[in-house]
Each structure stands twice: as structure tokens, then as C-alpha cells.
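Below, each chain spelled out in residue letters.
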Amino acid sequence: LAKPPRWIEGFDISNLQGRDIVAAMTVFVDAQPKKAHYRSFTVRGLDGQDDFASMGEVLRRRMAQYLKQKEISPHDDNYDESFASLPGLIVIDGGKGQLSSAIKELEEFRKEGVPVVSLAKREEEIFVPGKKHPVMLDKDDPGLKIMQRIRDEAHRFATTFHRERRDKAMTAS
């Protein structure tokens with residue numbers, strides 16, 4: 001990137017064997033988590049486990065909210081800064097498949113110059129659209145460290161939301 005992004009969003013999916021599928025959006029501003037801007041999503045209309053389709057649905061909804069919010073005045077009661085803000089970077093938890101799902105749904109962001117990458121856990125590979133091979137940064141690279149932190153926070157937030165939904169469903173009569 002030409003300069004460090006100020007607003008970074010991280011996305012992750014959580015489910016248990018394809019049930020109670022949820023997703024999380026975390027936001028970091030100036031490399032610090034901004035929990036007031038975190039959002040959780042319940043994935044609808046999918047049967048079984050399909051992380052690619054789930055990620056696509058969530059990002060489609062994120063994009064729709066951006067398009068809606070950018071037309072609303074910041075002084076309007078319906079204004080939501082979390083969705084109105086144009087990210088400087090989007091980090092998807094996953095590999096090439098998750099990135100492919102993401103770029104299809106985020107075309108408007110990409111037209112605005114928003115970079116979209118995915119970060120795979122095992123080898124900490126960074127997948128970038130249009131590049132055949134992943135980018136491998138040194139394990140001590142500050143850029144990798146912040147992306148890991150964003151990805152891990154999205155994972156934590158998605159897992160927590162999933163557990164809450166699952167526990168609520170198990171205790172419902």
C-alpha cells in the first residue's frame with residue numbers, strides 16, 4: 001500500500017457444522033480496535049456449511065449498507081458511521097476461496113480504491129487479487145502483525161456471537 005490505511009475492517013464466519021452461521025465485522029482505526037463500530041451478522045438462506053457463500057452474503061450486505069449510508073447526512077438519526085465509512089483496507093479471514101467470494105461482492109469498494117486481501121492462518125499467507133502466489137511477510141513485519149490482530153479479533157468476535165446464538169437456541173423452549 002502507498003500509505004498505512006486509517007480505517008481497516010476485518011471479516012470472519014463462524015458456525016458449527018453448518019448450523020447457526022454468523023459473521024463478524026471488526027473495525028480498527030489508526031491500528032486500534034473501535035468496538036463501537038463492530039457489527040455482527042446472521043447468515044440467512046444457506047443450508048449447510050458454505051464459507052464462501054456465507055462470506056459473499058455478509059459482504060454483499062456490508063456493501064449495500066455502505067451505498068445506503070453514504071447518501072444519508074451525518075446529522076440524520078439513521079446515519080451509521082460504521083457502515084458509512086469507506087475502509088482503507090478489508091482483511092478477510094481465509095485463503096484464496098474466501099478472497100474470490102469477497103472481491104465479487106465488493107466491486108464498488110474496489111472501484112473506490114479499497115484494497116481487499118485475505119489472510120490464511122496456517123502459514124500466514126496474504127492473498128491479493130490478481131496475484132497467483134500469496135505474499136509472505138516476515139513474521140515480525142508490523143504490517144503482518146496488525147493484519148493478524150484484525151483477523152484474530154474478527155475470529156474472536158464471530159465465535160463469541162456464534163456461541164451466544166447457539167446457547168440461546170439451545171435454551172429456547
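Scroll up for the structure.
Since we're looking at a predicted model, the values are computed, not measured. (Residues numbered from 1 in each chain as written. Predicted model: local features only at pLDDT ≥ 70, side-chain atom pairs only at ≥ 80, totals over all residues. Heavy atoms only, no water.)

Along its length, the chain carries five helices and seven strands. Counting helices and strands in the order they occur from the N terminus, the chain gives β-β-β-β-α-α-β-α-α-β-β-α. With the C-alpha coordinates aligned to their principal axes, the bounding extent of the chain is approximately 55 × 45 × 30 Å. In the chain, which comprises 173 residues, the proportion classed as buried is 43%. By sequence separation, contacts in the chain at least 24 residues apart represent 59% of the contacts at least 6 residues apart. On the chain, the mean spot of the 29 positive side-chain charges and the mean spot of the 28 negative ones are 1 Å from each other. (Helix = DSSP H or I, 4+ residues; strand = E, 2+ residues; numbered from the N terminus. Buried < 20%, exposed > 50% of the residue type's maximum accessible area, 1.4 Å probe, protein only. Contact = heavy atoms within 4.5 Å. Lys, Arg positive; Asp, Glu negative; His and termini not counted. Charge placed at Lys NZ, Arg CZ, Asp CG, Glu CD.)

Moving on, we come to the packing of aromatic side chains. Under the counting rule described, the total for this entry stands at three aromatic pairs. Between Tyr38 and Phe157, the ring centres sit 5.1 Å apart and the planes meet at 70°, which makes this aromatic pair edge-to-face. On the criterion of sequence distance, the pair formed by Tyr38 in the loop between strand E3 (32-33) and strand E4 (39-42) and Phe157 in helix H5 (residues 142-171) is long-range, its members being 119 residues apart. Assessed through its relative accessible area of 6%, Tyr38 is described here as buried. A ring pair is formed by Phe41 and Phe83, whose centres lie 6.4 Å apart and whose planes are at 55°; its orientation type is tilted. Of this pair, Phe41 sits in strand E4 while Phe83 is found in helix H2 (residues 81-84), placing the two residues 42 residues apart along the sequence. The ring of Phe83 has Arg39 lying over it, and the distance from NZ or CZ to the ring centre is 5.8 Å. (Phe/Tyr/Trp six-rings, centres within 6.5 Å; stacked < 30°, edge-to-face > 60°. Lys NZ or Arg CZ within 6 Å of the ring centre and 35° of its normal.)

A separate point is the nonpolar core. Of all hydrophobic cores here, the largest spans 26 residues; its most connected members are Phe11, Ile90, Ile92 and Leu106. Every element with two or more residues in this core is listed here: strand E1 (7-16), strand E2 (19-29), helix H1 (51-69), strand E5 (89-93), helix H3 (96-105) and strand E6 (116-120). Leu106 has contacts with Leu59, Met63, Ile90 and Val116, leaving out every residue within four places of it along the chain. If you look at the next biggest cluster of nonpolar residues, it comprises twelve residues, including Ile8, Tyr38, Leu144 and Ile146. (Core = buried A, V, L, I, M, F, W, Y, C linked by side-chain atoms within 4.5 Å.)

Under the defined criterion, the tally for this structure stands at eleven salt bridges. Residue Glu124 is joined to Arg151 by a salt bridge in which the shortest nitrogen-to-oxygen separation is 2.8 Å. Here Arg151 lies in helix H5 and Glu124 lies in the loop between E6 and strand E7 (125-127), a separation of 27 residues in the sequence. Among the residues examined, Glu124 registers a relative accessible area of 17% and is labelled buried. Judged by its relative accessible area of 4%, Arg151 falls in the buried class. Where Asp152 meets Arg151, a salt bridge forms, and the shortest distance between an N and an O atom there is 3.0 Å. By sharing partners, the salt bridges in this structure join Glu124, Arg151 and Asp152 into a single network. (Salt bridge = Lys/Arg side-chain N within 4 Å of Asp/Glu carboxyl O.)

By themselves, these figures tell us nothing about what the structure is for.
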